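Summary of the model geometry
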Amino acid sequence: MKKVNEFLNLIRRFLSNESISIKIYIVWGLITLLVFGFMGFLPVSKIFISNIGLLEDLYQNNLKLEKKIDELKIAKEKVELVGDDINVLDKFLPDEFLAQNYLVDMSVISGQSGYSLDSVSFSNETANEVIMSIRISGKGDLKGLVSKLEESKKLNEIQSIKYNVGSREDSLDMTIKSFIMENK
Amino acid sequence: MIQYQKEWQGRLVEEIETYSDVEEKAKRISDKTVAYKKFLSNRLLISDKVDYVMDNLGSEIELNSIDINQQGFSMSITGKDAIDFTNLIVRYLEGDLVSEIIINSASLDKSEDTYKVTLSGNFK
């Protein structure tokens, strides 16, 4: 214990000399700066450099997103502008097969051409096609009927026509393919 | 700085989400327009062929029946003079729609003095 006290007194005396203690503090400070400052600076600088890349990516992505928003704004204006035309497009190319709509169309077109619709049968062969077999009769205009069917709002393709001329009325069997666009 | 960019991105993503219905609607219109154009270009029309066959019949020939499709036609017709059938065949072949005409049968009804002919034709 006595030796310890002697040692501590020695240090106190040693440090009481200001010129020596200043030198020690400066060296100590420099060592601290070297160990904690420089050695710590390396990993911190690495993180900082990698973050610059990340920052740049984020910035570029945000610019792209802003551009996308501008495009969406323009698209929204255009969609609002053609909003009513979507319904017209639906009439030309229905989303689903509704037999009653086809029945009405066929009946109207037959009537306009001087015939009367006797029967219609449907078969939904593929997702995009409806096959109609229609039988009509009367004394009408065959060419007009065919034109009207092909010019109608719905996309019709006449596949076959069987036409028989009768003394009182003619009979007509037709197979028609109509295109639809079913939502999958 | 990074936090600021992330917050900015969050705000932009939120804004984009408000346009989700626009994107869906635009896609629907686009898909439908593309499909319509595709169906329209793939569709086979028959009206020109029907017009051609009917218009060339002439007043001398009487039509009894006709079957017509995209590939060709077959018909049953009657007429008073044999030359009318020859003229009909010539008229059909002179145009640019029919490639060949085949006479399937021909008969003379002496009681009415009319010829009954069945013929078929192929479209080009």
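For the structure, check the block above.
The residue numbering used here restarts from 1 in each chain and proceeds along that chain's sequence as written. To read the labels, note that chains go from A and ligands from 1, taken in the order they are written. Only residues with pLDDT of at least 70 get local features here, since the model is predicted, and only at 80 or more are side-chain atom pairs given and counted; chain-wide, interface and lining totals rely on the full set of residues.

Some details on the overall build of chain A
To keep things clear, this is the line we draw: Secondary structure elements follow DSSP: runs of H or I no shorter than four residues count as helices, runs of E no shorter than two count as strands, and numbering proceeds from the N terminus. Think of it as a crowd count around each C-beta: if 20 or more other C-beta atoms lie within 10 Å the residue is buried, if 12 or fewer it is exposed, and in between it is partly exposed, with C-beta placed from the backbone throughout. Each residue gets a C-beta atom placed from its backbone, and two residues are in contact if those atoms lie within 7 Å.
Across its full length, chain A carries five helices and four strands. Each helix and strand of chain A, placed in order from N terminus to C terminus, yields the pattern α-α-α-α-β-β-α-β-β. Taking all 184 residues of chain A together, 16% fall into the buried category. Taking all contacts inside chain A whose residues are at least 6 apart in sequence as the whole, residues at least 24 apart take part in 56%.

Quick word on helix H1 (residues 2-17) of chain B
The criterion, for reference: Multiplying 1.5 Å by the residue count of a helix minus one yields the expected span of that helix.
Between the first and last C-alpha of H1(B) there are 22 Å, a value that for 16 residues agrees with the 22 Å anticipated at 1.5 Å per step. Where burial is concerned, little of H1(B) is hidden: zero out of the 16 residues are buried.

Here we look at the nonpolar core
Note the threshold: By convention in this section, buried Ala, Val, Leu, Ile, Met, Phe, Trp, Tyr and Cys residues joined through C-beta atoms within 7 Å make up a nonpolar core.
Ranked by internal contacts, the top residues of the largest apolar core, which has 33 residues, are Val146(A), Ile158(A), Ile161(A) and Val50(B). Beyond its immediate chain neighbours, meaning those up to four positions away, Ile158(A) contacts Val146(A), Leu149(A), Glu150(A), Met174(A), Ile176(A) and Ile46(B).

Things to note about the interface of chain A and chain B
In many reports, interface size means the accessible area that the parts give up when they come together. Cut-off, in case you're wondering: Under the grouping applied here, Gly and all other residues not named as nonpolar or charged are polar, the nonpolar ones being Ala, Val, Leu, Ile, Met, Phe, Trp, Tyr, Cys and Pro and the charged ones Asp, Glu, Lys and Arg.
Taken together, the contact pairs 37 residues of chain A with 35 residues of chain B. Of all the elements in the fold, those that place two or more residues in the side of chain A that touches chain B are helix H2 (18-81), helix H3 (83-92), helix H5 (142-151) and strand S3 (156-164) of chain A. If one sorts the elements of the side of chain A that touches chain B by residue count, H2(A) sits on top with 15 residues. Residues of the side of chain A that touches chain B, tallied by class, amount to 23 nonpolar, seven polar and seven charged.

Looking at unusual backbone geometry
With phi around 55 degrees, Asp113(B) is a residue other than glycine that occupies positive phi space. By the element assignment, Asp113(B) lies in the loop between strand S3 (98-109) and strand S4 (114-123).

Limitation: the analysis is restricted to geometry and does not speak to function.
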